[in-house]
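The chain contents come next:
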Amino acid sequence: MKYSSIFSVVASLVFSPGVVLAEGHSVSVQGPDGSSRKFSLETLDNLPQTSFETSTIWTDGVVAFSGVSLSAILDEAGFSGAIVRMSALNDYSVDFPMAEIGKDYPIVATRMNGTEMPVRDKGPYWMVFPYDADPSYRTKTAYARSVWQLSKLLVIK
Amino acid sequence: MIKRFAIYGAISGLTILLILLWSGLPGQLRAILIAETDDTQWTVFQLETEFANLSVALAQAENAPAPDSSALRFRTDITLSRVNLVTKGLGRDLWVESPEAREIIARLEGFTRASTALIDKLGDLSKQDIVRLSALTNSLRPDVRRLAILGVTLGTEAKEAERVAFANQLRGVGFLAIVLIAGIVGALLFLDRLLVRARSKDDALRATADRLSSTVTASLDGIVISNQAGEVIEFNEAAVGIFGWSRVEILGQKMSATFVPQHHRSAHESGMERYLSTGDPHVIDAGRIELSALRKSGEEFPIELNITSTQRDGEKVFIAYIRDISERKINEQKLVEARDRAERADKAKSQFLTVMSHEMRTPLNGILGVLDLLKTTPLDKKQQRFVQVAAASGEILLENVNEALDITRIESGVMSLSPDEFSLRATVQRVADVLRTLADEKGLSLEVDIDTSMNGSFFGDGSRINQILTNLIGNAIKFTDEGGVTVAVEGIHGPETTLVRIKVRDTGNGIPADKFEAIFEDFVALARSEGRQNRGDGLGLSISRKIARLMDGDLKVDSHNGDGSTFTLSVPLLRVATEFSETQPEARHVSSEIIKSVLIVEDNAINRSVLREMLTGFGHAVTEADNGLEGFKKAQGTKFDLIIMDISMPFMDGIEATRRIRQGNGPNAQTYILGLTAHGREEYRSKSKTAGMDGFCTKPLRLSELKLTLSGIRENDRSGTSLEDPIALEVIDDLRKALGDTKTQQTANRFFAELKEGLGALAQKSPTTEATVISEMVHKLRGSAGLLGLQSVENALDRASSIEKTEDYLAALKQAQTEADAAAVAIKSFLSPSDG
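The structure presented is a predicted model; accordingly, all values stated were derived computationally and were not measured.

1. Let's talk about the overall build of chain B
Here's step 1: When its secondary structure is counted, chain B shows 23 helices and 17 strands.
Here's step 2: Here chain B holds 836 residues, and 41% of them are scored as buried.
Here's step 3: By sequence separation, contacts in chain B at least 24 residues apart represent 67% of the contacts at least 6 residues apart.
Here's step 4: As displayed, chain B offers around 43,400 Å² of accessible surface, 56% of which is attributable to carbon and sulfur atoms.

Shown next, in the form of structure tokens:
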């Protein structure tokens, strides 16, 4: 166990230095007043974790996601407003009315099948719903709100 | 009922189908709403955008002095993350159907491997790396562009197919819904019609019930309805009228305590019980029956009853239709009594006539017999005339009595026919020949025209036809003063029978049309309107018609007043194909010359003495017996030459006596037995023949008839006259019957005078030179001789006409004269010897 974890760290350092992981990346949450707060992987890991298994239209088979629910992050940030504008690394953005955000879902996933996600595979942060749990999560709107490579949450009044 | 089930079934089926189709709809609807593939298209566009972004970033880095490796790596990672989207998940499924897309994706995967190898190197990217990455990126841009377009196309197609399927299903559901609605509407209409019909039926039922109750009330027949206990529960107006109880009085009362008569009550109760326990109906449903019932007043009366049973409110009730038939019964009784009275009266009349005619004939027998005998005694002219008048009156009286008896016998059905084979031609000819004398006397012609097809033999009662014809031709002569009488015989030939039609036409005064039927009625029905005798005065025509009808024929008259009358007798007769050749028992021949001893068996003393006088007058020895038994006894002891046997006698009748005499080897087993019977008892003829009688005579036995019979006995056959006989006595007898003794004698006298004159004239002729004249003269004389049955004269004349030698010719003429003289003597003795 110990060796394998050491080995994996060494291997990741030696064989895949170009693979950009979560370190260095964070989700910035900006309030309506202009103030903002950054949520790093560490910060997120310290918040209450939510996990579920589901299939998605972008992946093969059933996968397990874990992370922090959107409502928990917004609570933690302490901003309130009408809409959350979610932006991705490629500047894709979509608006999410605050009233429609569930208590548990969606989550900002930090891990898929227990591993962090590289940018090359929609990481490091991915907004996901438990699509199999409810047909309402398999709508166009839900798919549009499933922002991957999430980088910023802007709360608008 | 079946129709209704079919409709319900169809609606249920449609509903189930609709539910099944509809249950598929939400799924499809969800599929459309979820639109998972939509996102794929969006992803493909993103891929193209990212390739463009990467291309731009790489181009800038190529020209920059110190390119930012990490920024290029970041940009490349983002692009590669988009490539993942089209190679995995739903994105990959989109391309399965398109080989072109799969090829592009294979190249994209190649790009991923190549670019990953470049950017995953340690340290900064060299200029060369950047240029290579840029070239890789740019080379794939057209493919990415193509993939984006393909994505749109494929996605749209998939979408379209889904939409079409959905639309089809929607259409199906819609169609089914329409059908279902139509079906429901139809079912509603049907149910509505059922409802309407049920309502109208209900109305009709109610109307029927109303009508029924009014029918019961208004019925002319009494209607009484009772329950199982026999209590009256309905009693209509007519029943009130019949029985006398009012409705209020009788409702709830037991039938057995009210209108069922006392003596029927126990039977009524047990009948009800039996029916209720066994269901075995006796009176119920048995149709109309007649019973008696009791009125309130206690009077019992006959009713006609018809009981039916039915269910009412779950209980059996009995409905009785009752008709008071007391009046009808009384009328019926009256009718029966009237009929019986009429029958009794009719019977009494017939009996009276029969008895009377018998009672009258017995003394007539004596009178006529004695008168005959009286004529044989020496009388002066005056006495002769008196005797003649008395005899003629007696004969008329006898004829009337005979006719009356005939009528009675026909009406009471006693008269029967004795059909036998006979020659119609001979019968007609004989009657005409007999009556020609009468016609000649009045200067009338009598012509007979018999169709040649009627020459054969027929089977029928010839003597009855003879009787009718004698009456018809006799009448025709009697009522014609000028002209003549024609008898025409013809027939319509069927397969076996011939409808014989004999027309007797005269040229007399004729008969008015309104009397056509009256002349056939019994003389008692006609009133004499003038002094002159009319047709129908006697019973002749009435009897003739009755006999004709008895033979299944008829007798009709057609006449024009002043232009004569035609009587037509039509009778169906069986034709006989072959000659009658039945072998008859050898006849017993008796010659009058050899008759010496005669046994008379007759119960009536007067008749016996008359007969004895006649026979002793002929020179016979007579023995008498006054009944059959005594006659038989006497016949056992002595041999007789002739036995004259009355048929109806006390102790033993003539038939039985004859049978006994014929049995065994008594002395008289072969003796000629002559039967005697009352007139109109022809039915005894065959019986007596079977018993063994040889001849048959009808009372009263006249002297001439007895003589004829005695002389005819030698050849016990009417037609079998011997050639040697000077005269055929039965021809004279026929004449006598038609004309009477006196006229017959006159006719004979006239002929003998004519013959004498004729023979004298013939003697002057020469047979060698005047043969034709002789032949004509002889022919005329021969005809007259034939009419009188003078066969010996005929034969002599025949010989004379065929001889050429003069002396032989004269000898023949002389012979004819001799024969004629002998015949004259014979006729004179046959008829009343003193007369004429």
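2. A word on the overall build of chain A
Here's step 1: A tally of helices and strands in chain A yields four helices and ten strands.
Here's step 2: A fraction of 62% describes how many contacts in chain A between residues 6 or more apart in sequence connect residues 24 or more apart.

3. Points about the sheet that holds strand β5 (residues 83-88) of chain A
Residue and element names in this part refer to chain A.
Here's step 1: Judged by pairing direction, the sheet is mixed, and its five strands sit side by side in the order β2-β1-β10-β5-β6 without closing on themselves. Only two strands of the sheet have a single neighbouring strand rather than two, namely β2 (36-40) and β6 (93-97). In this sheet, adjacent strand axes meet at a mean angle of 20 degrees when their direction is disregarded.
Here's step 2: Alignment of strand β1 (residues 26-30) against strand β10 (residues 150-156), held across three bridges, turns out to be parallel. For Gln30, the partnering residue across the bridge sits in β10 and is Leu154.
Here's step 3: Where helix α3 (residues 70-77) meets the sheet, its contacts fall on β1, β2, β5, β6 and β10, and the angle it forms with β2 comes to roughly 130 degrees.

4. Points about the packing of helix α12 (residues 424-442) of chain B against helix α13 (residues 462-478) of chain B
All names here are of chain B.
Here's step 1: Relative orientation of the contacting elements α12 and α13 amounts to 25 degrees, with a least axis distance of 10 Å. Here α13 runs roughly parallel to α12, going by the angle between their axes. Note on packing geometry: the crossing formed by α12 with α13 is right-handed. Residues Leu424, Thr427, Val428, Arg430, Val431, Leu435, Leu438, Ala439 and Lys442 of α12 lie in contact with α13, whose contacting residues are Gly462, Ile465, Asn466, Leu469, Thr470, Ile473, Gly474, Ile477 and Lys478.
Here's step 2: Its residues assigned to classes, the contact of α12 with α13 shows ten nonpolar, five polar and three charged.

5. Points about helix α21 (residues 771-787) of chain B
All names here are of chain B.
Here's step 1: For α21, which comprises 17 residues, the first-to-last C-alpha distance of 24 Å matches the rise-based estimate of 24 Å (1.5 Å per residue) to within 8%.
Here's step 2: Within α21, burial applies to Ile774, Val778, Leu781, Ala785 and Leu787.
Here's step 3: Following α21 by one or two positions, Gly789 adopts a phi angle in the positive range, close to 75 degrees.

6. Here's the deal with the side chain of B:Asp554
All names here are of chain B.
Here's step 1: Relative to the elements of secondary structure, Asp554 occurs in strand β11 (residues 554-559).
Here's step 2: In this structure Asp554 comes out as buried when scored by relative accessible area, which is 17%.
Here's step 3: Polar contacts involving the side chain of Asp554 include one to the side chain of Arg549, which spans 2.9 Å.
Here's step 4: In this view, Asp554 contacts Arg545, Ala548, Arg549, Thr568, Leu569 and Ser570; residues no more than four positions away in its chain are not counted.

7. Some words on the pattern of salt bridges
All names here are of chain B.
Here's step 1: Evaluation of the coordinates by the stated rule reveals 32 salt bridges over all chains.
Here's step 2: Its salt-bridge partner being Asp203, residue Arg206 comes within 3.6 Å of it at the nearest N-O pair. On the criterion of helical spacing, the pair formed by Arg206 and Asp203 is a turn pair, its members being three residues apart in helix α6 (residues 127-218).
Here's step 3: Given a relative accessible area of 47%, Arg206 falls into the partly exposed group.
Here's step 4: Note that Arg247 and Glu234 form a salt bridge whose closest N and O atoms lie 2.9 Å from each other. Taken together, the residues Arg247 in helix α8 (residues 247-250) and Glu234 in strand β2 (residues 232-235) connect sequence positions 13 residues apart.
Here's step 5: The network of salt bridges with shared partners includes Glu290, Glu304, Arg328, Lys329 and Glu332.

8. Some details on the nonpolar core
Here's step 1: If you look at the biggest cluster of nonpolar residues, it comprises 76 residues, and the most contacted ones within it are B:Leu424, B:Ile502, B:Phe567 and B:Leu790.
Here's step 2: Among the elements that make up this core, the one with the highest residue count is helix α20 (residues 729-763) of chain B (nine residues).
Here's step 3: A:Val63, A:Phe79, A:Val94 and A:Phe96 belong to the second largest nonpolar core, which has 45 residues in total.

9. Here's the deal with the packing of aromatic side chains
Here's step 1: Counted according to the given criterion, the structure contains 16 aromatic pairs over all chains.
Here's step 2: Ring plane angle 80 degrees and centroid distance 5.4 Å describe the contact between A:Phe52 and A:Tyr105, whose orientation is recorded as edge-to-face. Taken together, the positions of A:Phe52 in strand β3 (residues 50-55) and A:Tyr105 in the loop between β6 and β7 (107-112) put the pair 53 residues apart, joining distant regions of the chain.
Here's step 3: Residue classification places A:Phe52 among the buried positions, given a relative accessible area of 10%.
Here's step 4: The interplanar angle of 40 degrees and the centroid separation of 5.0 Å between the aromatic rings of B:Phe51 and B:Phe111 together place this pair among those described as tilted. With B:Phe51 in helix α2 (residues 36-63) and B:Phe111 in helix α5 (residues 99-119), the pair connects residues that are 60 residues apart, well separated along the chain.
Here's step 5: An aromatic cluster of three or more residues is present, and its members are A:Phe52, A:Phe65, A:Phe96, A:Tyr105, A:Trp126, A:Phe129, A:Tyr131, A:Tyr137, A:Tyr143 and A:Trp148.
Here's step 6: The positively charged end of B:Arg295 is found above the aromatic ring belonging to B:Phe301, 3.7 Å away from the centroid.

10. A look at the environment of B:Ser297
All names here are of chain B.
Here's step 1: As for its position among the elements, Ser297 is in the loop between β3 (289-294) and β4 (300-312).
Here's step 2: Using a relative accessible area of 63% as the deciding quantity, one classes Ser297 as exposed.
Here's step 3: Taking C-alpha positions, Ser297 is 9.1 Å from Trp245, a pair spaced 52 residues apart along the chain.

11. Section: the sheet that holds strand β14 (residues 621-625) of chain B
All names here are of chain B.
Here's step 1: Pairing is parallel across the open sheet formed by five strands, whose spatial order is β14-β13-β15-β16-β17. Every interior strand has two partners, whereas the edge strands, β14 and β17 (695-698), have only one. For this sheet, the mean inter-axis angle between neighbouring strands, taken without regard to orientation, is 20 degrees.
Here's step 2: Contacting β13 (597-601), β14 and β15 (642-646), helix α16 (residues 628-637) runs over the sheet at an angle of about 135 degrees to β14.
Here's step 3: Packed on one face of the sheet, helix α17 (residues 654-662) meets β15 and β16 (672-677) and runs near 150 degrees to β15.

12. A few points about the confidence of the model for chain B
Residues and elements named next belong to chain B.
Here's step 1: Looking at chain B, the pLDDT average stands at 78 and 88% of residues meet or exceed 70.
Here's step 2: When mean pLDDT is taken per element in chain B, strand β10 (residues 497-506) scores highest with 89 and helix α4 (residues 89-95) scores lowest with 69.
Here's step 3: Low pLDDT, under 50, characterises residues 524-533; the stretch is placed with ten contacts to residues that sit more than four places away or in other chains.
Here's step 4: Contacts for the low-pLDDT stretch residues 579-592, under 50 throughout, to residues beyond four places or in other chains number 26 contacts.

13. Looking at the pairing of strand β8 (residues 457-460) of chain B
Working note: regular strand, side chains alternate between the two faces of the sheet.
Here's step 1: Sheet analysis places strand β6 (residues 420-423) of chain B next to β8(B), joined by four bridges and oriented antiparallel. Residue pairing across strands places B:Glu421 opposite B:Phe459, the latter belonging to β8(B).

14. Quick word on a nonpolar patch on the surface
All names here are of chain B.
Here's step 1: On the surface, a nonpolar cluster with roughly 340 Å² of combined accessible area is contributed by Phe352, Met356, Met360 and Leu397.
Here's step 2: Considering each element in turn, the nonpolar patch owes the most residues, three residues, to helix α10 (residues 326-375).
Here's step 3: Inspection of the secondary structure puts Met360 in helix α10.
Here's step 4: Its relative accessible area of 30% is what places Met360 among the partly exposed residues.

15. Topic: the packing of helix α3 (residues 69-87) of chain B against α5(B)
Residues and elements named next belong to chain B.
Here's step 1: Packing of α3 against α5 brings their axes to within 10 Å, and their N-to-C directions diverge by 155 degrees. Relative to α5, α3 is oriented roughly antiparallel. Of the two elements, α3 crosses α5, and the hand of that crossing is left-handed. Across the interface between the two elements, Arg73, Thr76, Asp77, Leu80, Val83, Val86 and Thr87 of α3 pack against Ile105, Leu108, Glu109, Phe111, Thr112, Ser115, Thr116 and Ile119 of α5.

About the criteria used
- Residues numbered from 1 in each chain as written.
- Chains lettered and ligands numbered in written order.
- Predicted model: local features only at pLDDT ≥ 70, side-chain atom pairs only at ≥ 80, totals over all residues.
- Heavy atoms only, no water.
- Helix = DSSP H or I, 4+ residues; strand = E, 2+ residues; numbered from the N terminus.
- Buried < 20%, exposed > 50% of the residue type's maximum accessible area, 1.4 Å probe, protein only.
- Contact = heavy atoms within 4.5 Å.
- Areas by Shrake-Rupley, 256 points an atom, 1.4 Å probe, with all protein chains shown as cover.
- Pairing = 2+ DSSP bridges.
- Axes fitted to C-alpha atoms, helices over the stretch in contact; angles between N-to-C directions.
- Parallel < 35°, antiparallel > 145°, perpendicular 65-115°, else oblique.
- Left-handed = near helix turned anticlockwise from the far one by under 90°.
- Nonpolar A, V, L, I, M, F, W, Y, C, P; charged D, E, K, R; others polar.
- Expected span 1.5 Å × (residues − 1).
- Polar contact = N/O pair within 3.5 Å; in protein donor to acceptor, adjacent residues only side chain to side chain.
- Salt bridge = Lys/Arg side-chain N within 4 Å of Asp/Glu carboxyl O.
- Core = buried A, V, L, I, M, F, W, Y, C linked by side-chain atoms within 4.5 Å.
- Phe/Tyr/Trp six-rings, centres within 6.5 Å; stacked < 30°, edge-to-face > 60°.
- Lys NZ or Arg CZ within 6 Å of the ring centre and 35° of its normal.
- pLDDT = per-residue confidence, 0-100.
- Patch = residues over 30% accessible without salt bridge, like charges linked within 9 Å, V, L, I, M, F, W, Y side chains within 5 Å.

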